[in-house]
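Residues per chain are reported as follows:
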Amino acid sequence: MVAKNGLSRFFNKVITGLHYDLKKALNIYITVLMIVPIAYFAYIALALTMNSTGLEVYFKKSPITTVMFIVSLMDLIVAYVLAFRKKVLLSNRLTLVVIFGILTIIQLLVGNMISVILGLIVLYLSKSMRA
């Protein structure tokens, strides 16, 4: 119980300091999901240019690059869907909690810590919604 109250107070201080509300946190989450893959694609383009290799050779050299490329593509798709279904998410608390619970766990598994933190903020702010 003490840990829950301590974590709750920590989130309260952070969110109050950042002046976040649910809609703003959701918009930032969507923006991050759109910007990070674009930055990663720019990084891959720069690496390909510097190494003078093709995309296939670059992916064969580093399997983790291939996996992260696929994850980046999926992040773009998720951001696109979230952007167009924002009204549904903001109108139903259960839908928001289930979707962001799943997204936060998935982002944690692939190591996208910025999205994990933003997902936790969205989940925390969802308690202000009516059920």
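Look up a bit, the structure's there.
Reading the values: rules and limits
Residues numbered from 1 in each chain as written. Predicted model: local features only at pLDDT ≥ 70, side-chain atom pairs only at ≥ 80, totals over all residues. Heavy atoms only, no water. Helix = DSSP H or I, 4+ residues; strand = E, 2+ residues; numbered from the N terminus. Expected span 1.5 Å × (residues − 1). Buried < 20%, exposed > 50% of the residue type's maximum accessible area, 1.4 Å probe, protein only. Axes fitted to C-alpha atoms, helices over the stretch in contact; angles between N-to-C directions. Left-handed = near helix turned anticlockwise from the far one by under 90°. Contact = heavy atoms within 4.5 Å. Nonpolar A, V, L, I, M, F, W, Y, C, P; charged D, E, K, R; others polar. Phe/Tyr/Trp six-rings, centres within 6.5 Å; stacked < 30°, edge-to-face > 60°. Arc of directions from axis to C-beta. Salt bridge = Lys/Arg side-chain N within 4 Å of Asp/Glu carboxyl O.

A. Structural context of helix H2 (residues 22-51). Between its terminal C-alpha atoms H2 stretches 44 Å, which fits the 44 Å expected from 30 residues at 1.5 Å a residue. When H2 is considered as a whole, its buried residues turn out to be Leu22, Ala25, Leu26, Tyr29, Ile30, Val32, Leu33, Pro37, Tyr40, Ile44, Ala47 and Leu48. Phi turns positive one or two residues past the end of H2, at Ser52, with a value near 55°.

B. Structural context of the environment of Arg9. Topologically, Arg9 is positioned in helix H1 (residues 2-18). With 16 residues separating them along the chain, Arg9 and Ala25 place their C-alpha atoms 18 Å apart.

C. Structural view of the packing of H2 against helix H6 (residues 93-110). Taken N-terminus to C-terminus, the directions of H2 and H6 make an angle of 40°; their axes are 14 Å apart at the nearest point. Taken as a pair, H2 and H6 cross one another with a handedness that is left-handed. Along its contact with H2, which presents Leu22, Leu26, Tyr29 and Leu33, the element H6 presents Leu96, Phe100, Leu103 and Gln107. Partitioned by chemical class, the residues of the contact of H2 with H6 number 7 nonpolar, 1 polar and no charged.

D. Molecular detail of the packing of aromatic side chains. Scanning all chains against the criterion turns up 5 aromatic pairs. A centroid spacing of 5.3 Å and a plane angle of 55° characterise the contact between Phe41 and Phe69, whose relative ring orientation is tilted. Here the residue Phe41 occupies a position in helix H2, and Phe69 occupies one in helix H4 (residues 63-84), the gap between them amounting to 28 residues. In this structure Phe69 comes out as partly exposed when scored by relative accessible area, which is 22%. Taken together through their ring pairs, the aromatic side chains of Phe41, Phe59 and Phe69 make up a single cluster.

E. Expanded view of the side chain of Thr65. Following the sequence through the fold, Thr65 ends up in helix H4. A relative accessible area of 8% means that Thr65 is categorised as buried. The residues contacting Thr65, other than those within four sequence positions of it, are Tyr40, Ile44, Tyr58 and Phe59.

F. Geometry of H4. Over its 22 residues, H4 runs 32 Å from end to end, which matches the ideal 32 Å to within 8%, given 1.5 Å per residue. Within the sequence span of H4, burial applies to Thr65, Val71, Ser72, Asp75, Ala79 and Leu82. Take H4 and look down its axis: the buried residues cluster within an arc of 115°, on one side only. Exposed side chains of H4 directed beyond 90 degrees from the buried face belong to Pro63, Tyr80 and Phe84. Of the surrounding elements, those touching the buried residues of H4 are H2, helix H3 (55-61), helix H5 (86-91) and H6.

G. Just the pattern of salt bridges, in detail. In total, this model carries 1 salt bridge according to the counting rule given. Here Lys60 and Glu56 are joined by a salt bridge, their closest N and O atoms 3.3 Å apart. Pair noted here: Lys60 and Glu56 are both in helix H3, with a separation of 4 residues, about one helical turn. Of the two residues, Lys60 and Glu56, both sit in the exposed class.

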